[in-house]
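Remarks on the overall topology
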Amino acid sequence: MTPLIDGLGHDGKLLVVGADQNKIEVGPIQLIGARKGIQGWPSGTAMDSEDTLRFSELTGVRPMIEKFPLTKANEAYARMMSGKAEYRVVLTM
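Residues numbered from 1 in each chain as written. Predicted model: local features only at pLDDT ≥ 70, side-chain atom pairs only at ≥ 80, totals over all residues. Heavy atoms only, no water.

Brief notes about the overall build of the protein
Put simply, the test is: Working definition: helices are DSSP H or I runs of at least four residues, strands are E runs of at least two. Numbering for both runs from the N terminus. For this measure, only C-alpha atoms enter the radius of gyration; the expected value for a globule follows 2.2 Å times N^0.38, where N is the number of residues. Burial classes: relative accessible area under 20% of the type maximum marks a residue as buried, over 50% as exposed, and values in between as partly exposed (1.4 Å probe, protein chains only). For this analysis, residues touch if any pair of their heavy atoms sits within 4.5 Å. Exposure was quantified through the Shrake-Rupley algorithm and a 1.4 Å probe, taking into account, for residues, occlusion by the shown protein chains and nothing else. We count Lys and Arg on the positive side and Asp and Glu on the negative side, and we leave His and both chain ends out. The atoms used to mark charge sites are NZ of Lys, CZ of Arg, CG of Asp and CD of Glu.
From N to C terminus, the protein includes 3 helices and 4 strands. Taking 93 residues into account, the globule formula puts the C-alpha radius of gyration at 12 Å, and the protein, at 18 Å, lies well above it. A principal-axis box enclosing the C-alpha atoms of the protein has dimensions of 45 × 35 × 25 Å. The buried share of the protein, reckoned over its 93 residues, is 13%. Intrachain contacts of the protein at a sequence separation of at least 6 include 38% that bridge at least 24 residues. Total accessible area on the protein stands at roughly 7800 Å², and carbon and sulfur atoms take up 59% of it. Separation of charge centres in the protein, based on 11 positive and 11 negative side chains, amounts to 5 Å.

Below you can see the structure in the form of structure tokens.
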């Protein structure tokens with residue numbers, strides 16, 4: 001995540017929701033000049049995820065995705081990497 005710090009804009013914040021053993025190395029100058037920040041946030045428990053899915057089912061919330069058949073995985077990946085994908089790119093069987 002260290003390389004992401006310089007990609008943050010003015011008042012940008014890196015929100016860390018996943019964890020591994022790697023350190024995030026950042027110098028104070030990188031943060032102070034543009035008022036950047038780093039914050040950790042727990043993603044919730046399994047029960048939180050179940051509650052969210054239940055709520056989505058009860059209220060009719062559906063994801064906004066672009067579907068691609070597995071045979072077009074390269075095309076889907078290229079669309080995602082180009083920044084032209086709307087929402088999420090999902091491969092279907």
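Let's pick the thread back up.
A look at unusual backbone geometry
A positive phi angle, close to 65°, is found at D11, a residue other than glycine. Looking at where D11 falls in the secondary structure, it is placed in the segment before β1 (13-16). With relative accessibility at 42%, the residue D11 sits in the partly exposed group.

A look at the side chain of K36
This is how it is decided: By definition here, a salt bridge exists when the distance from a side-chain nitrogen of Lys or Arg to a carboxyl oxygen of Asp or Glu is within 4 Å.
Within the secondary structure layout, K36 lies in the loop between α1 (28-32) and β2 (37-40). For K36, which is buried and forms no salt bridge, the nearest opposite charge comes from D6, at a distance of 4.5 Å. Those residues in contact with K36 that sit more than four places away from it in its chain are I5, D6, L8, G9, G12, Q30 and L31.

Digging into the pattern of salt bridges
Taken as a whole and judged by the stated rule, the model has 3 salt bridges. For E66, the salt bridge identified is with R79, shortest N-O distance 2.6 Å. Of this pair, E66 sits in strand β3 (residues 65-69) while R79 sits in helix α3 (residues 73-82), and the two are 13 residues apart along the sequence. Given the relative accessible area of 16%, E66 is considered buried.

Side note on helix α2 (residues 46-59)
The line we're drawing: For a helix, the expected span equals 1.5 Å multiplied by the residue count minus one.
Compared with the 20 Å implied by 1.5 Å per residue over 14 residues, the 20 Å span of α2 between its first and last C-alpha is a close match. A positive backbone phi angle near 80° is found at G60, which sits one or two residues after α2.

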